[in-house]
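# Breakdown of the fold
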Amino acid sequence: MIPVPASPPHPPLSSLLLPLLLGLTGTSHERFKVNQPETSVSVIAGDEVILSCSIPHQSQKGIVSWFKDAKPEPQLIYSFNGSQFPRVTQVKKNNAHLIDYSIRISNVSPMDAGTYYCVQVRKGNHGMKFGSGPGTYVSVEGRKEEVSQVQQNEISQTVSTGETITLSCTVPDTGHSGPVAWFKGSGPNRKLIFNFKDDRFPRVKATADTSKPGNTDFSIRISDVLLSDAGTYYCVKFKNGKPNEYQSGQGSQVFVTGNSFEELKVEQPESSVSVDAGDEVTLPCTMSSLSSKGTVSWFKEEGPKRQLIYSFNGNHFPRVTQLQKTVPNQIDYSIRISDMSPKDAGTYFCVVVQRGNPAMELMSGPGTHVSVKGAREQTSNIQQNEISRTVEMGKKITLSCTVPDTLPSGPVAWFKGSGPNRKLIFNFKDHRFPRVKATADTSKPGNTDFSIRISDASLADAGVYYCVKFVKENLNKDYQSGQGTQVSIVAPPSLPMVLGPLERALIKQAVNFSCMSCSFLPQNITLRWIKNGKEPSTLRTQVIKLKYGSDDKALSTTEMVLDPKDFNSHIACNMDHPRLPHSLHGKTEMTDTVLAPPTVFIFQHPISNDKINVTCNVRKFYPQNAPLPWLKNGNTSHIDEVLIPTRHRDGLVSVQGFILVTNANHTEEILLTCQVDQDERYKSTAKAFLLSPHLDKS
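Let me begin by describing the structure that accompanies this report. For every chain, the first residue of the written sequence is number 1, and numbering continues from 1 onward in sequence order. Local features are withheld for residues below a pLDDT of 70 in this predicted model, meaning they are given only at 70 or higher, and side-chain atom pairs are given and counted only at 80 or more; totals for whole chains, interfaces and linings count all residues. With hydrogens and water set aside, each side-chain value is computed from the structure's full complement of heavy atoms.

### Regarding the overall build of the protein chain
Put simply, the rule is: A run of H or I in DSSP counts as a helix once it spans at least four residues, and a run of E counts as a strand once it spans at least two, with each numbered from the N terminus. In short, Shrake-Rupley with a 1.4 Å probe defines the accessible areas, and a residue's cover is counted only from the protein chains shown.
Check the secondary structure of the protein chain and you find two helices and 57 strands. Counting every atom, the protein chain has about 36500 Å² of accessible surface; 51% of that belongs to carbon and sulfur.

Take a look at the structure:
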């Protein structure tokens with residue numbers, strides 16, 4: 001039997017909720033019932049624990065979250081808002097009178113011991129009202145296997161932009177030897193955050209000396225936190241020589257808020273509107289302040305059924321327009337939807353989404369429910385369910401279309417675009433559309449489903465698609481068209497290509513480097529220049545975004561003055577994009593750019609009365625171009641094919657060449673030239689006169 005404390009330490013409720021409600025506009029003493037039936041539970045380390053919580057149906061409005069009592073402030077464990085929390089999932093139990101908000105925590109460790117509170121916060125007429133359960137104390141009984149587990153103490157942390165956050169990780173020294181690294185996210189798309197080896201993570205530092213023998217602390221500190229830093233972080237252990245993950249910590253969820261987040265309010269003044277089918281509807285939305293916190297989008301419904309309706313990013317959405325032209329410091333984000341149909345009925349939310357990767361919802365309006373009248377007449381209209389679809393490049397796109405059988409007989413076809421320049425995509429008759437297939441048997445009597453599936457999506461597939469009905473009497477004119485579906489394609493960019501100057505340059509000369517990447521969507525791409533692993537502030541950089549058709553290109557140029565130390569250097573272009581799990585790198589070695597002319601000397605060494613050994617000493621140059629030609633009186637006499645270079649620490653090389661001169665047929669002076677050809681612009685020579693009297697003719 002595992003011992004359970006007789007009186008688990010429950011702190012006063014006010015001490016828990018006071019920090020929680022900081023920043024909320026007012027409180028109320030009104031309470032509503034939150035049930036936590038268990039005062040304490042006990043669990044063995046490594047197992048899972050279920051924490052029960054229920055709220056009566058009449059109190060269902062409001063956000064419900066779980067908090068753990070922690071110092072210096074409560075720690076958010078789980079929130080029922082669709083966010084992901086490591087190791088914590090929702091548990092639903094059927095009850096006709098209560099809504100269940102129970103949670104399950106898996107892989108429990110001794111660090112999870114403490115008191116957990118189920119808390120509901122909701123907006124009232126006079127400020128914020130909250131209710132909390134009495135708390136459930138969790139005790140954790142450790143076991144021997146637990147000492148060999150990677151431990152991350154915090155399930156979640158909340159930090160403001162510009163601040164510093166510390167993520168703890170303990171890696172026992174009892175396991176296999178090998179490196180440790182931190183990642184943001186999990187699976188194949190996770191992003192490397194820190195690897196304890198190099199300096200390419202300027203905002204991340206280790207909190208301990210990990211090279212110290214016996215060290216088990218692999219915690220990190222992230223400074224100058226950005227909104228894009230929000231996400232789940234994992235501390236991962238690898239085995240030496242094994243690229244696959246050996247063991248991972250449980251993960252720590254990081255939430256980031258703006259410094260003035262409480263100033264941001266999303267107002268949707270109308271809770272519901274009604275519109276006749278075929279008419280248009282206006283959905284008002286205003287912001288109290290937006291600044292640089294994020295972008296604004298409209299969504300229909302919540303959770304997994306949520307559908308993007310409009311985004312204020314310049315893209316085209318069929319039937320949806322913004323009421324106010326986009327301007328700096330905009331506060332009006334109202335939209336108008338035309339040609340409404342019963343399928344448009346639902347709740348629409350005006351949402352602020354943070355900039356960066358990954359995109360994360362900052363704040364949402366309360367929603368506006370739209371009801372559509374006139375369903376009977378609408379049954380004779382073509383329906384395309386989705387206003388927009390977003391798909392990754394290479395995946396399949398399904399576009400839905402329902403054509404009522406009450407319409408006159410005649411063919412149906414799909415087009416991309418509208419007007420005289422539209423493009424036929426599929427006609428349900430022949431096989432000249434290899435990537436497009438019908439999803440239903442359209443030859444079946446009574447069929448109304450004319451949906452299609454496009455395979456292997458490419459950037460060129462982005463656009464608006466229309467399902468169009470024709471009648472047999474007039475095949476050259478549209479009888480009726482669906483409302484259109486906007487298709488957006490997302491794709492990671494190509495590997496960046498770094499190009500240096502066309503010709504080599506001398507030391508202290510200014511040269512330009514270019515970095516290019518193409519074929520990516522969305523367009524928010526970042527290119528950074530790195531020299532020898534660091535981002536130099538002295539580089540003058542310019543980024544140009546080009547667009548050719550549906551293909552985007554990003555070009556970054558930088559100017560650099562060559563330095564003698566650059567012989568052992570390299571310059572790299574790092575690229576970040578929302579569709580990339582980590583940065584892409586392209587680089588070039590500076591040795592491909594630098595030209596260092598040599599200093600050339602000739603020395604004479606008499607061997608006998610009729611022979612002289614002449615040495616050509618070529619000192620400290622780059623690049624080394626073999627062979628080394630010798631010229632006698634301007635004509636090539638000998639070429640040194642095999643030269644053994646001496647390499648210096650600064651990257652330069654030196655070589656020596658030799659030629660043996662005899663007195664045969666030489667009765668006059670000889671002009672001997674040693675020549676170094678580096679390229680067509682630079683030739684270095686050394687010349688020597690050999691006097692024939694110096695050679696004994698006897």
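### Quick look at the environment of F450
Condition: Each residue's exposure class comes from its accessible area (1.4 Å probe, protein chains only) as a fraction of the maximum for that residue type: buried when under 20%, exposed when over 50%, partly exposed otherwise. Residue contacts follow a heavy-atom distance rule, with two residues in contact if any of their heavy atoms lie within 4.5 Å.
Topologically, F450 is positioned in the loop between β36 (436-438) and β37 (452-454). Look at F450 and you get buried, because its relative accessible area is 13%. C-alpha separation for the pair F450 and N427, spaced 23 residues apart in sequence, amounts to 10.0 Å. Not counting residues up to four positions away in its chain, the partners in contact with F450 are C401, V403, V412, W414, F428 and T442.

### A word on the state of the cysteines
Which entries qualify depends on this criterion: Two cysteine sulfur atoms form a disulfide, by the criterion used here, when they sit within 2.5 Å.
Under the definition given, this model contains six disulfides. Disulfide partners in the protein chain, listed by the sequence order of the bonded cysteines, are 1-2, 3-4, 5-6, 7-8, 9-10, 11-12.

### Thoughts on empty space enclosed by the protein
We apply this condition: Note on definitions: the grid is 1 Å and covers protein atoms alone; a cavity is a set of points where a 1.4 Å probe fits but cannot get out; a pocket is an open set with protein on both sides within 12 Å along at least five of seven lines; lining residues have an atom within 4 Å of a point. Grid points are joined across faces, edges and corners, and a volume is the space filled by probe spheres set on the points. Residues are grouped as follows: nonpolar covers Ala, Val, Leu, Ile, Met, Phe, Trp, Tyr, Cys and Pro; charged covers Asp, Glu, Lys and Arg; every other residue, Gly included, is treated as polar.
Across all of its chains, the model carries one cavity of 30 Å³ or more by this definition. Put simply, the largest cavity is a space of about 50 Å³. In terms of lining, the largest cavity is formed by F621, Q624, N625, P627, L628, L643, V655 and V676. Looking at the lining of the largest cavity residue by residue, the classes come out as six nonpolar, two polar and no charged.

### Some thoughts on the packing of aromatic side chains
Convention followed: Ring pairs shown here join Phe, Tyr and Trp side chains whose ring centres sit within 6.5 Å, with only the six-membered ring taken for Trp; geometry is labelled stacked below 30 degrees between planes, edge-to-face above 60, and tilted in between. Each ring is checked for a lysine NZ or an arginine CZ that lies within 6 Å of its centre and within 35 degrees of its normal; such an atom marks a charge sitting over the ring.
Taken as a whole, this structure holds 16 aromatic pairs when the rule is applied. Ring geometry for F426 against F433: centres 5.7 Å apart, planes inclined by 65°, an arrangement best described as edge-to-face. A relative accessible area of 7% means that F426 is categorised as buried. Within the aromatic cluster, the residues linked to one another by ring pairs are Y78, F80, F85, Y101 and F255. Against the face of F183 rests R190, its NZ or CZ located 3.9 Å from the ring centre. A cation sits over an aromatic face here: R422 above F415, 3.8 Å from the ring centre.

### Some details on the sheet that holds strand β2 (residues 49-51)
Inclusion rule: At least two DSSP bridges between two strands are needed for those strands to be called paired. Between the N-to-C directions of two axes lies an angle of 0 to 180 degrees, each axis being a line fitted to C-alpha atoms and, for a helix, fitted only over the stretch in contact.
An order of β2-β8-β6 is seen for the three strands of this open sheet, with the pairing classed as antiparallel. Every interior strand has two partners, whereas the edge strands, β2 and β6 (88-91), have only one. Within the sheet, the average angular offset between the axes of one strand and its neighbour, ignoring direction, is 30°. Judged from the four bridges that link them, β6 and strand β8 (residues 102-105) form a sheet pairing that is antiparallel. Bridge pairing links Q90 to I103 in β8.

### As for the environment of D112
Relative to the helices and strands, D112 is located in the loop between β8 and β9 (114-124). Considering only alpha carbons, one finds D112 and E154, 42 residues apart in sequence, at a separation of 8.5 Å. Not counting residues up to four positions away in its chain, the partners in contact with D112 are K68, R87, N107, V140 and I155.

### Considerations on the sheet that holds strand β28 (residues 335-337)
Reading across from one edge, β23-β28-β27 is the order of the three strands in this open sheet, with antiparallel pairing throughout. Strands at the two margins of the open sheet, each flanked by one partner only, are β23 (281-283) and β27 (320-322). Taking each pair of neighbouring strands and ignoring which way they run, the sheet shows an average axis angle of 25°. Pairing between β27 and β28: three bridges, direction antiparallel. Within β28, the position partnered with V320 by the bridge is I337.

### Quick notes on the nonpolar core
Let me state the cut-off plainly: In this description, a nonpolar core means a group of buried Ala, Val, Leu, Ile, Met, Phe, Trp, Tyr and Cys residues linked to one another through side-chain atoms lying within 4.5 Å.
Residues L51, W66, I77, V88, Y101, I103 and I105 are the most contacted members of the largest nonpolar core, which totals 31 residues. When residues of this core are traced back to their parent elements, those giving at least two are β1 (40-44), β2, β4 (63-68), β5 (75-79), β8, β9 and β11 (136-141). Top element by residues in this core is β9. It accounts for five residues. Those residues in contact with V88 that sit more than four places away from it in its chain are I77, Y78, I103, R104, I105 and I155.

### What to know about unusual backbone geometry
Cis geometry marks the peptide bond from Y622 to P623; its omega dihedral reads 0°. Tracing the sequence through the fold places P623 in the loop between β51 (611-621) and β52 (628-632). Located in the positive-phi region is N633, a residue other than glycine, with phi close to 55°. Counting through the fold element by element, N633 comes out in the loop between β52 and β53 (635-640). What makes N633 partly exposed here is its relative accessible area of 48%.

### Here's the deal with the environment of K395
Of note, K395 is situated in the loop between β32 (388-392) and β33 (397-399). Taking the C-alpha atoms as reference points, K395 and S458, separated by 63 residues in sequence, lie 8.5 Å from one another. With residues near it in sequence (within four places) discarded, K395 still touches I454, S455, D456 and A457.

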